[in-house]
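Survey of secondary and tertiary structure
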Amino acid sequence: MVRPAASTMTRDDSEGCGCLAHASVASLQAQVEDYRAALRTARIGTWRRDVMTQLLVWSPELHELFGTDPATFHPSAEAALVLVHADDRAMVRASYVRALAGEDVSYEFRVPQTDGSVQWRRTELRLERDAAGEPSMLCGVLQDVTERRRALEHIHHLAHFDVLTGVANRAQLTGAMR
């Protein structure tokens, strides 16, 4: 549910500000709830890793996307990598190193599911720097792009195979003959 922006409140300086502070906190809490709802709807999660301490924090939505329990799964680079398809781990590691070097990085990778299926995730990484220009925080935004990938595969199949028979169509055969 999207809430309207909080209206500007005024008060006489002789009044206490408790009411205004309470309204501001309530407005901020409502905005956070809206933000979380938007993340869940878009199937997006976020994480932040302190470059100095290596402390990695996942949003509740990221735990949901990976099917991990925040009470028992303690995020670390190593634990997160185990959740990635084995064939994609080297690319994920290399992307992480590039991001630590200051490059904005985007990539897609697979996540094996317990039922044997595979889901796809898209990640964007960026490095934040402190006031002195030193790397301070590596931030990631991750989105479930499984449905988009499946739709693209379906379009590709329709473009190259007959819908009724499943036999390669002229475009597929011509390409195979070259």
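Treat the numbers as computed from the prediction; the structure is a model and nothing was measured.

Two strands in a sheet stick together by hydrogen bonds in their backbones, pointing the same way (parallel) or opposite ways (antiparallel). Spatial ordering of the open sheet is given by β2-β1-β5-β4-β3, a layout of five strands whose pairing is antiparallel. Only two strands of the sheet have a single neighbouring strand rather than two, namely β2 (56–58) and β3 (105–112). For this sheet, the mean angle separating the axes of adjacent strands, direction not counted, is 25°. Sheet topology places strand β1 (residues 44–50) next to strand β5 (residues 135–144); seven bridges connect them, and they run antiparallel. Bridge assignment links glycine 45 to a residue of β5, and that residue is leucine 142. Of the strands in this sheet, β1, β3, β4 (118–129) and β5 touch helix α4 (residues 89–100), which is tilted by about 150° from β3. Against the sheet, helix α5 (residues 146–160) contacts β3, β4 and β5, and its axis sits at roughly 125° relative to β4.

Any two side chains of opposite charge can pair, on the condition that their charged atoms come close. Scanning the model with the defined rule gives 11 salt bridges in all. The partner of glutamate 124 in a salt bridge is arginine 122, with the nearest N and O atoms 3.7 Å apart. Owing to a relative accessible area of 42%, glutamate 124 belongs among the partly exposed residues under this scheme. Here the salt bridges do not stand alone but share partners, grouping Glu108, Arg122, Glu124, Arg148 and Arg149 into one network.

Reading the values: rules and limits
- Residues numbered from 1 in each chain as written.
- Predicted model: local features only at pLDDT ≥ 70, side-chain atom pairs only at ≥ 80, totals over all residues.
- Heavy atoms only, no water.
- Pairing = 2+ DSSP bridges.
- Helix = DSSP H or I, 4+ residues; strand = E, 2+ residues; numbered from the N terminus.
- Axes fitted to C-alpha atoms, helices over the stretch in contact; angles between N-to-C directions.
- Contact = heavy atoms within 4.5 Å.
- Salt bridge = Lys/Arg side-chain N within 4 Å of Asp/Glu carboxyl O.
- Buried < 20%, exposed > 50% of the residue type's maximum accessible area, 1.4 Å probe, protein only.

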